[in-house]
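Summary of structural features
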Amino acid sequence: MTERPIGVFDSGVGGLTVLRALRRRLPQESLIYVADTARLPYGSRSPSEIEGFVAEILHWLAQQNVKMVVAACNTSSVLALDRLRDRHSFPCLGVTLPGARAAAQGQRIGVIATEMTIQSKAYSRAIAETAREAHRSVQVWEVACPEFVPLIEANRLDDPYTYRVARRYLAPLIAAEIDTLVFGCTHYPYLANILRQILPPTVQFIDPAEHVVTAAWQELEVLGLRQTGRGRVRFYASGEPERFARMASLWLGQVPLVTKVNLSPVELRSGKG
Ligand code: DGL
């Protein structure tokens with residue numbers, strides 16, 4: 001029973017930031033990583049499209065007998081997970097809430113994320129809620145960064161154009177004198193070096209990946225589902241597997257074996273997925 005894997009998914013390489021944190025902190029757990037590269041970026045899709053995609057991924061992961069799912073994608077976490085998690089018997093953790101809770105330690109908080117995540121106001125609400133519970137006051141500024149994911153997926157991290165785009169996105173946050181910056185999209189930690197050059201050195205970066213891993217660890221512990229030994233990782237992509245393997249190797253340090261996954265539409269109105 002405890003040898004069942006944890007499912008982890010994202011639209012592309014972004015979720016590997018969460019996968020790496022899971023591997024580092026929970027090396028005994030086996031993981032299945034799904035990258036829905038055929039349909040990325042998610043961040044400018046409509047809520048119903050995103051819900052449909054996530055329903056398909058959860059359905060497929062259920063067929064792989066996962067014991068838990070970590071949505072390593074903020075866009076999916078805020079737009080689809082709440083409506084879909086009841087369809088499954090395993091826990092589905094989103095990356096946004098743990099990130100927002102950690103961010104609420106700051107006072108002047110900037111959130112950068114995809115268009116849909118920013119539109120949902122999920123981060124500002126969750127940060128405000130956490131601060132209220134702690135009787136603290138915070139201010140939150142949210143900026144959508146639609147160009148970041150395509151630039152990261154094209155591996156244009158060192159490109160002067162990416163730097164210029166980042167300067168433009170961060171300008172209102174610099175003007176607001178933020179003390180904390182949340183990576184509200186799992187792709188963005190790859191830009192940490194660029195963002196560090198642009199922002200004052202005192203700004204603290206919050207990567208929700210670390211915090212969702214803590215939440216996953218606690219949940220496994222409570223449910224008695226922790227594994228022992230050494231886990232293994234399997235990778236799947238809905239787009240071209242070789243392309244994803246190449247991209248992923250830049251972040252994983254080795255070329256993973258990637259299998260093509262065929263996701264099929266799920267009826268959303270009724271029944272368990
Ligand atoms: N990495 C994802 C997120 O955290 C999705 C990015 C995208 O596909 O737009 O929102």
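Before reading on, note that the structure itself is shown above.
Residues numbered from 1 in each chain as written. Predicted model: local features only at pLDDT ≥ 70, side-chain atom pairs only at ≥ 80, totals over all residues. Heavy atoms only, no water.

A short note on the environment of Arg226
- With respect to the helices, strands and loops of the structure, Arg226 is situated in the loop between helix H10 (208-223) and strand E9 (233-237).
- Taking the C-alpha atoms as reference, Arg226 lies 8.2 Å from Gln28; in sequence the two are 198 residues apart.
- Polar contacts involving the side chain of Arg226 include one to the side chain of Glu221, which spans 3.4 Å. (Helix = DSSP H or I, 4+ residues; strand = E, 2+ residues; numbered from the N terminus. Polar contact = N/O pair within 3.5 Å; in protein donor to acceptor, adjacent residues only side chain to side chain.)

Some thoughts on the state of the cysteines
- Under the criterion given, the structure shown has zero disulfides.
- Lacking any disulfide linkage, Cys73 is separated from the closest cysteine sulfur, that of Cys185, by 6.9 Å.
- By relative accessible area, Cys73 is classed as buried at 3%.
- As a non-bridged cysteine, Cys145 has Cys185 as the owner of its nearest cysteine sulfur, 8.7 Å distant. (Disulfide = S-S within 2.5 Å. Buried < 20%, exposed > 50% of the residue type's maximum accessible area, 1.4 Å probe, protein only.)

A word on the environment of Glu153
- Here Glu153 lies in helix H7 (residues 148-153).
- Residue classification places Glu153 among the buried positions, given a relative accessible area of 6%.
- Residues Glu153 and Ala248, 95 residues apart in the sequence, show an inter-C-alpha distance of 9.7 Å.
- Contact partners of Glu153, with chain neighbours within four places excluded, come to Gly12, Val13, Gly14, Leu40, His187, Arg243 and Met247. (Contact = heavy atoms within 4.5 Å.)

So, the pattern of salt bridges
- Applying the stated criterion across every chain yields a total of 12 salt bridges.
- Arg24 is the partner of Glu210 in a salt bridge, and the nearest nitrogen-oxygen pair spans 2.4 Å. One end of the pair, Glu210, is in helix H10; the other, Arg24, is in helix H1 (residues 16-25), and 186 residues separate them in sequence.
- Judged by relative accessible area, Arg24 falls into the exposed class, the value being 53%.
- For Arg83, the salt bridge goes to Glu51, with nearest N and O atoms at 3.0 Å. (Salt bridge = Lys/Arg side-chain N within 4 Å of Asp/Glu carboxyl O.)

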